[in-house]
Every structure is written in structure tokens, then in C-alpha cells.
Amino acid sequence: MALKIPGVGLSEEEKRIYPMGKIALMISLDMLRFKVEKALRQFGISEIQTIGAKIVALTSKNFTYNDIELIIIDVDSPDFNAYEVIANLKKGIKSAILPILAIGNRSDASIATQLKTLGCEDYIPKPIDDMILSSKVLQLLRERKPNTEIKTHIEEKSKLETLKLAWHAEFETGIQAIDEEHHEIIKQYQKLYALMKDGLGHDFYEDFLAFLSSYVISHFENEERIQQEIGYPQMDVHKHSHSEFKEKLTSFIQDKKVPPSNQDLLKINLFVKDWLIHHIYVEDRKIGAYYKSQK
Ligand SMILES: [Fe+2]
Ligand SMILES: [Fe+2]
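A short tour of the structure in this document, coming up. Not measured: the values here are computed from a predicted model.

### Some points on the packing of aromatic side chains
Piece 1. The full count for this structure, using the stated rule, is twelve aromatic pairs.
Piece 2. Ring plane angle 80° and centroid distance 5.8 Å describe the contact between Phe171 and Tyr281, whose orientation is recorded as edge-to-face. Note that Phe171 is positioned in the loop between helix 7 (148-164) and helix 8 (176-197) and Tyr281 in helix 11 (residues 262-294), a separation of 110 residues in sequence.
Piece 3. Exposure remark for Phe171: the relative accessible area of 5% places this residue in the buried category.
Piece 4. Tyr281 sits in the partly exposed class, given a relative accessible area of 29%.
Piece 5. Each residue in the set Phe220, Phe245, Phe252, Phe271 and Trp275 is aromatic and connected to the rest through ring pairs, giving one cluster.
Piece 6. Over the ring of Tyr281 we find Arg285, and its NZ or CZ is 4.1 Å from the ring centre.

If you want it as C-alpha cells, here you go:
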């Protein structure tokens, strides 16, 4: 039987970043299923409807789900003929419009071409890389042409969610110099986020990387100086954390492509959201708490 897993593991922050509430359908029933589900949840993909391998063939002929927006299929599952299943899905009234992301064992270029001819939008060879899988899924979901009703709904939701990304008092450490710089960092992230939503993030990518490597790095230096001044006991650990960010940022700069791909944009978005904003919210506020305790 189909197993419904409603948004398990989604943090409020993830829901805010990927507010479209898309649903992925995955067709596979082995260890791979758990890996894919875990990867998608980790990156905030909304809901996953898993269909057991034994009923895949039947489901593909009579696709009755209303809320699916993407199909992920394992083309090497021994329990069904994936090529027949894809052909059926592409004939079905409800399923024909859905993008299909195939995953499989072969890594030669011909399999991707063959599957694209059949109607699959994309193909990922195993072993599955979490970041690549999530990037492709998000890219397909974003590229899908929604009908007017869904579009309006998404636009309204997106607008609301963008507003939610605004600076709020909970970010404050209570140390004005630090808070002002954090405010600017979040403002720039918001700008990237808003542009990406309109499909205009590519033009901002280089400026955003430059911002991270100038403003954010100098912010780290200022913050470390303040920590020294107030005798913050966790300074070494905190400094190490800043170094981690610098290392990751260097790899982004080294791999920089002009123009960036959608995946590049998504990666930098996730990196700043998952690392930097998380760092501000969790680690930097500890400096503020210490400062207050010493007054
Ligand atoms: Fe900071
Ligand atoms: Fe910090």
C-alpha cells in the first residue's frame, strides 16, 4: 500500500525557504528509497508519497493522485519494467504533465538520452549524491509550469514567505555592532532569495559571492575582536567555526562559473541559509548571552 509521509523532519526554517509545498512521488522499494527520502527531507522537500514496487505498474496505468508534482523513478528496480511504467505515465491524463526524474545504475550518457526520449526530464546515476538529487528535484519543481490557480497560490504564499524572511528581534545578540552587521547579511540573503524566486538570481551570484568574501569575512574579524574584548570563553571554538565557513566559501569561489547554473545558486542559497544564518541564530547569540551575563 502507498505510504504517506506528511512533511516529516521539516524545520520551520526549511518550510520558509521552500514554501511551495511541492510533493515528490518516489517509486522504488529498497534501501534506495530510504536514502532518497532522507535526502529530500534534509533539503526541505515537502511531502513524499511512496508507492510500493508491487503496485507501480498498476498505478502507472491508472494514476489517480491529485497532488503530485514530480515523479522519481528507479529504472533498475527488479519489480517492474520502468520503461513501460514511464510510457504509461506519459499517456495518463493526470500523470502526463508531471516531470519525471529517473535514477539508475548506469552512468553512460546514452541512458540519459534514452530516458529523455521516453519523456523523462532528467537522470541521476547511482550512488545518489544528496545535494545533486535535491538540486535537480528543486530545479524541476521550479521549472514546472503551474496552472493559473496553483500559480496564484504559489505567488501569494511566496510573497508571504519572503516577508517572513525579514530581520526580526530574535536574531539580536544585544551587541549593537554585531547586530548591525548581521542585519546586513540577512538583508543580502533576502535579496538573493527574492531574486531566485523571480528567476533572476544568476545576475546577483557574483556580487553575492563578493559580498560574502568581503563583508562577511570582515564581520568575522570584528566579531572575533569583540569576543576578545569581552573575554568570551568559547572564542577558539567560534573562531574555528568561522574558519570552516571561509574554507567552504573558498571552494565556492574556486568552482565559480559565469553564468552560474541553477544548482550553483541553490548550493550557495543552502550554504548561507544552513550555515551562516544558523550560525548567527545559534552561535552568535551565545556571545550576546555571555556579554549580558557579565554586565
Ligand atoms: Fe556573526
Ligand atoms: Fe560568528
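Next comes the rest of the write-up.
### Quick notes on the coordination of the iron ion (ligand 1)
Piece 1. Around the iron ion (ligand 1), the donor atoms from the protein are His182 (NE2), His219 (NE2), Glu223 (OE) and Asp284 (OD), and they sit 2.1 to 2.2 Å away.
Piece 2. Taken in sequence order, the residues that donate to the iron ion (ligand 1) follow the motif H-x36-H-x3-E-x60-D.
Piece 3. Taken as a pair, the iron ion (ligand 1) and the iron ion (ligand 2) show a spacing of 3.4 Å, with Glu223 coordinating each metal. Of this pair, His219 and Glu223 both sit in helix 9 (residues 201-230), four residues apart, which is roughly one turn of the helix. Like Glu223, His219 is buried.

### Some thoughts on the coordination of the iron ion (ligand 2)
Piece 1. Within the protein, Glu223 (OE), His238 (NE2), His242 (NE2), His279 (NE2) and Asp284 (OD) serve as the donor atoms for the iron ion (ligand 2), at 1.9 to 2.3 Å.
Piece 2. As a motif over one chain, the donors of the iron ion (ligand 2) read E-x14-H-x3-H-x36-H-x4-D.

### Points about helix 9
Piece 1. The axis of helix 9 is deflected most strongly, by about 30°, at Asp207.
Piece 2. One or two steps after helix 9, the chain reaches Gly231, where phi turns positive at roughly 70°.

### A few points about the packing of helix 9 against helix 10 (residues 235-254)
Piece 1. Close contact between helix 9 and helix 10 brings their axes to 11 Å; oriented N to C, the two are set at 165°. Here helix 10 runs roughly antiparallel to helix 9, going by the angle between their axes. You can see that helix 9 and helix 10 cross each other, and the crossing is left-handed. Between helix 9 and helix 10, the contacting residues are Tyr205, Leu209, Leu212, Ser213, Val216, Ile217, Phe220, Glu223, Glu224, Gln227 and Gln228 on the first element and Met235, His238, Lys239, His242, Phe245, Lys246, Leu249, Phe252 and Ile253 on the second.

Scoring rules and cut-offs
Residues numbered from 1 in each chain as written. Chains lettered and ligands numbered in written order. Predicted model: local features only at pLDDT ≥ 70, side-chain atom pairs only at ≥ 80, totals over all residues. Heavy atoms only, no water. Phe/Tyr/Trp six-rings, centres within 6.5 Å; stacked < 30°, edge-to-face > 60°. Helix = DSSP H or I, 4+ residues; strand = E, 2+ residues; numbered from the N terminus. Buried < 20%, exposed > 50% of the residue type's maximum accessible area, 1.4 Å probe, protein only. Lys NZ or Arg CZ within 6 Å of the ring centre and 35° of its normal. Donors = N, O, S within 2.8 Å, 3.2 Å for Na, K, Ca; no water. Bend = angle between axes of the 7 residues up to and from the residue. Axes fitted to C-alpha atoms, helices over the stretch in contact; angles between N-to-C directions. Parallel < 35°, antiparallel > 145°, perpendicular 65-115°, else oblique. Left-handed = near helix turned anticlockwise from the far one by under 90°. Contact = heavy atoms within 4.5 Å.

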